[in-house]
Amino acid sequence: MIGAALAIARVKLLLELRRREVVFAMLLFVVATIVIVHFALRADAGAGPRAAAGMLWAAVVFTAVLGLLRAFAAEAEEGALDALLLAPVDRAAIWLGSALAQFGFLVVVELVAVPLWWLLFFQEDGPAPVPVIAALLLANVGIALVGTLAAALALGARTRDVLLPVLVLPLAIPLVLAGVTATYGAFGEKGGGFGPLGPLGFLALYDLIFLALAWGTSEHLLGD
Amino acid sequence: MQAPAVSLEECSKRFGERLALRKATLAVAPGETVVLLGPNGAGKSTLLRLAAGLLRPTAGHARIDGVDASAAPRALRAGMAYAGHRSQLYRGLTAHENLALHARLHGRALDVDGALAAVGLADRADERIDGFSRGMLQRLALARATAHEPVLLLLDEPASGLDADGRALLDAVLAAGRGRRTQLVASHDHDLPDRLGARAVHLDGGRIA
C-alpha cells in the first residue's frame, strides 16, 4: 500500500519535473497574489500582522486549489487511471500517492511564497518562523489529503473546475482559521500574546481526522 | 461445475438518457476466447468496461470468477488485464518507466526489457511516449496488458492504429493465449474469430444479437 503510493507520488513528481505544468502556474499565481495584495494593503504603511497573516493563508489555499485542479491531469490524458484502478493495490494508494505529490508541490510553492511575503510585509518584527513553518506544513497535509480526495470525486464531472473549489474551500476554512491564528500568535506580544501551540494542535488533529476519513472512503469514491 | 471466468447477467448500463447496453447476458468459460463484433456504438466497449469492473451496471450483474466485477479483490485484479481505446499509460514517462511502474504496482519483478522486445519497442525503451505514434502506443499498451501474464485479458479494439506487422503481432499474442487464458476482445475484424478459432458474439444497439 505505502510502496504503491510512493511509486505513484514519484511518477507525479517526475512528470512535474519534466513538464513544469503545475508548480510553475502555482508559483506565478502565488507571487502575483502576494505582490498585488502588498500594494493593495499598503503594507509599508502598516497593514498589521493579522491582515498579513490572513493574506498569506488565503494565497496558499487558493494556490493549492489551482494545483488540485490538475491533480489527476496526467491520468486523464491517456486513461492511466483505469490502469491504476485495475492494479492489485488498495485504491487508497492512488489517492495517497496523489496527495503526497500535492504536498510536495505546496512545499515548493511555499519555499518561494513565504520569503517573498516576509520580505514585502516585514522588513523587521516578523513572526517567529518556526510556528509559521510548522503551521504551513501541517496545513499542507490537510489540504493535500482533502483536496486530492475532492479532486478524485470531481474527476468525471463536466463542471470539475467549478465543483472542485466548491468542495475544497469550505473544508479548508478550519485550516485557514487555525493557520492565521498560529501565524498571528507567532508575533508574540504583537500578536495578542497567545501562543501558536493550540492552533498547531488543531491542525494536527484535522490532518488525523481527514486521513482516517479519506482512507476509509477512497476505496468507494474512486472509480465509476 | 466451474464458474464462468466472466459472466454478465441481464446487464444494462445507462449513461444519462442513453442506454448503452440492454440486458446483456454472456458467459465466458475459463480459457475461452470470445470476440465481440458490432458497429460503432453497439455497446462493445461498455460491455468490456463492465466486465473489467471499471463501470457498475445500472441493472443486472457483471462478475469475474463469480465475484462482482466492480468489487473484485486484489488477488483477482492481479490476474486480469484490460486495454481500452486509450493506452492507459503516462505520456510524460518513457516506455520502460511505464512498464516499470506497472511491475511495481503488481508487486512483481517483471521482465520489462523482454516485454518491450516482444512488441518491437526495445530500441525505443528510453524514449518518452508523448512522441510515440498511435500504433506504438497500442504496442506498448499490449505489452503492459500481457507483461504480468494475466489469466483474464480484456482488449478493446486492440488493432486500431496498428500496421500490418503490429496486427500480426496481436494475432500471435491472442493465438498464444488461446486455451491458456480467458480472452474477451472487441473488434471490427470479422475474420478474427475464424483466425483464432474463437466464439463470435455480435452486438448491435446495445443488445447481444
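Scroll up to find the structure.
Residues numbered from 1 in each chain as written. Chains lettered and ligands numbered in written order. Predicted model: local features only at pLDDT ≥ 70, side-chain atom pairs only at ≥ 80, totals over all residues.

Student: Give me the overall build of chain B: which residues, what numbers.
Tutor: Secondary structure assignment for chain B yields 7 helices and 10 strands. Taking all 209 residues of chain B together, the buried fraction comes to 48%. Put simply, 68% of the contacts in chain B that link residues at least 6 apart link residues at least 24 apart. (Helix = DSSP H or I, 4+ residues; strand = E, 2+ residues; numbered from the N terminus. Buried ≥ 20, exposed ≤ 12 C-beta atoms within 10 Å, placed from the backbone. Contact = placed C-beta atoms within 7 Å.)

Student: Describe the packing of helix 2 (residues 22-41) of chain A against helix 3 (residues 49-68) of chain A, listing the residues and the values that go with them.
Tutor: All names here are of chain A. Closest axis-to-axis distance for the helix 2/helix 3 pair is 9 Å, and the angle between their directions is 155 degrees. Overall, the two elements helix 2 and helix 3 adopt an arrangement that is roughly antiparallel. Of the two elements, helix 2 crosses helix 3, and the hand of that crossing is right-handed. Every residue of helix 3 that contacts helix 2 at Val22, Ala25, Met26, Phe29, Val30, Thr33, Ile34, Val37 and Leu41 is listed here: Ala51, Met55, Ala59, Thr63, Leu66 and Gly67. The class makeup of the residues in the contact of helix 2 with helix 3 is 12 nonpolar, 3 polar and no charged. (Axes fitted to C-alpha atoms, helices over the stretch in contact; angles between N-to-C directions. Parallel < 35°, antiparallel > 145°, perpendicular 65-115°, else oblique. Left-handed = near helix turned anticlockwise from the far one by under 90°. Nonpolar A, V, L, I, M, F, W, Y, C, P; charged D, E, K, R; others polar.)

Student: Lay out the sheet that holds strand 6 (residues 80-83) of chain B with the relevant residues and their values.
Tutor: Residue and element names in this part refer to chain B. As summarised here, the arrangement of the 6 strands in space is 6-7-8-3-9-10, forming an open sheet in which the pairing is mixed. Each end of this open sheet is capped by a strand with a single partner; those strands are strand 6 and strand 10 (207-208). Docked against the sheet, helix 5 (residues 134-146) engages strand 6 and strand 7 (152-156), running at close to 165 degrees with respect to strand 6. (Pairing = 2+ DSSP bridges.)

Student: Which residues make up helix 3 (residues 95-105) of chain B, and what values go with them?
Tutor: Among the 11 residues in helix 3 of chain B, 8 count as buried, and that is most of the element. Every buried residue of helix 3 of chain B is listed here: Ala95, Glu97, Asn98, Leu99, Leu101, His102, Arg104 and Leu105 of chain B. In this fold, the buried residues of helix 3 of chain B make contact with helix 1 (2-19) of chain A together with helix 4 (112-118) and helix 5 of chain B. Backbone geometry just downstream of helix 3 of chain B places Gly107 of chain B in the positive-phi region, at approximately 65 degrees.

Student: Quick rundown of the interface of chain A and chain B? Include the residues and the values.
Tutor: Facing 20 residues of chain A, the contacting portion of chain B comprises 23 residues. Counting residues per element, the ones that place at least two in the side of chain A that touches chain B are helix 1, helix 4 (73-78) and helix 5 (80-86) of chain A. Partitioning the side of chain A that touches chain B into residue classes produces 12 nonpolar, 2 polar and 6 charged.

Student: Explain the pairing of strand 8 (residues 182-187) of chain B to me, and be specific about the residues and the numbers.
Tutor: Residue and element names in this part refer to chain B. For strand 8, the buried fraction is high: 6 of the 6 residues fall into the buried class. Here strand 8 shows two buried faces, one formed by Thr182, Leu184 and Ala186 and the other by Gln183, Val185 and Ser187. Both strand 3 (residues 33-37) and strand 8 contribute to a ladder of 5 bridges, which runs parallel. Each bridged residue has a counterpart across the sheet, and for Leu37 the counterpart in strand 8 is Ser187. Two strands pair when backbone bridges link them, and strand 7 and strand 8 are joined in this way by 5 bridges, in the parallel orientation. Note that in strand 8 the partner of Leu154 across the bridge is Leu184. A crossover links strand 7 with its parallel partner strand 8, the connecting element being helix 6 (residues 164-177), and its sense is right-handed. (Right-handed = clockwise from strand over helix to strand, strands pointing away.)

Student: Now, about the sheet that holds strand 2 (residues 18-28) of chain B: what can you tell me, with residues and values included?
Tutor: Pairing between the strands of a sheet is mediated by backbone hydrogen bonds and can be parallel or antiparallel. All names here are of chain B. One open sheet accounts for 4 strands, arranged 2-1-4-5; its pairing is antiparallel. At either margin of the open sheet sits one strand with a lone partner, and together these are strand 2 and strand 5 (67-68). Sitting on the sheet, helix 1 (residues 44-52) touches strand 1 (6-15), strand 2 and strand 4 (59-64), and the angle it makes with strand 1 is about 120 degrees.

Student: An account of the environment of Leu184 of chain B is requested, with residue identities and associated values reported.
Tutor: Residue and element names in this part refer to chain B. Looking at the element boundaries, Leu184 is found in strand 8. As a C-alpha pair, Leu184 and Leu152 span 32 residues in sequence and 8.0 Å in three-dimensional space. Sequence-distant contacts of Leu184, defined by excluding residues within four places in its chain, comprise Val6, Val28, Val34, Leu36, Leu48, Ala51 and Leu154.

Student: Account for the nonpolar core, naming residues and giving values.
Tutor: Counting 141 residues, the largest nonpolar core has Leu36, Ala51, Leu140 and Leu154 of chain B as the members making the most contacts within it. No other element matches helix 6 (residues 91-121) of chain A, which puts 15 residues into this core. A domain split of this core shows at least three residues from each of domain 1 (1-79 + 150-209) and domain 2 (88-149) of chain B. For Leu140 of chain B, the contacting residues outside a window of four places in its chain are Ser87, Leu89, Ala95, Asn98, Val119, Leu121 and Ile129 of chain B. (Core = buried A, V, L, I, M, F, W, Y, C linked by C-beta atoms within 7 Å. Domains from an automatic or database assignment.)

Student: I'd like a description of the packing of helix 1 of chain A against helix 6 of chain A, backed by residues and values.
Tutor: Residue and element names in this part refer to chain A. Where helix 1 contacts helix 6, the axes come no closer than 7 Å and their chain directions differ by 40 degrees. Regarding the angle of helix 1 to helix 6, the classification is oblique. The hand of the helix 1/helix 6 crossing is right-handed. Across the interface between the two elements, Ala4, Ala5, Leu6, Ala7, Ile8, Ala9, Lys12, Leu13 and Glu16 from helix 1 touch Ala93, Ile94, Leu96, Gly97, Ser98, Leu100, Ala101, Gly104 and Phe105 from helix 6. Each residue belonging to the contact of helix 1 with helix 6 can be placed in one class, and the counts come to 13 nonpolar, 3 polar and 2 charged.

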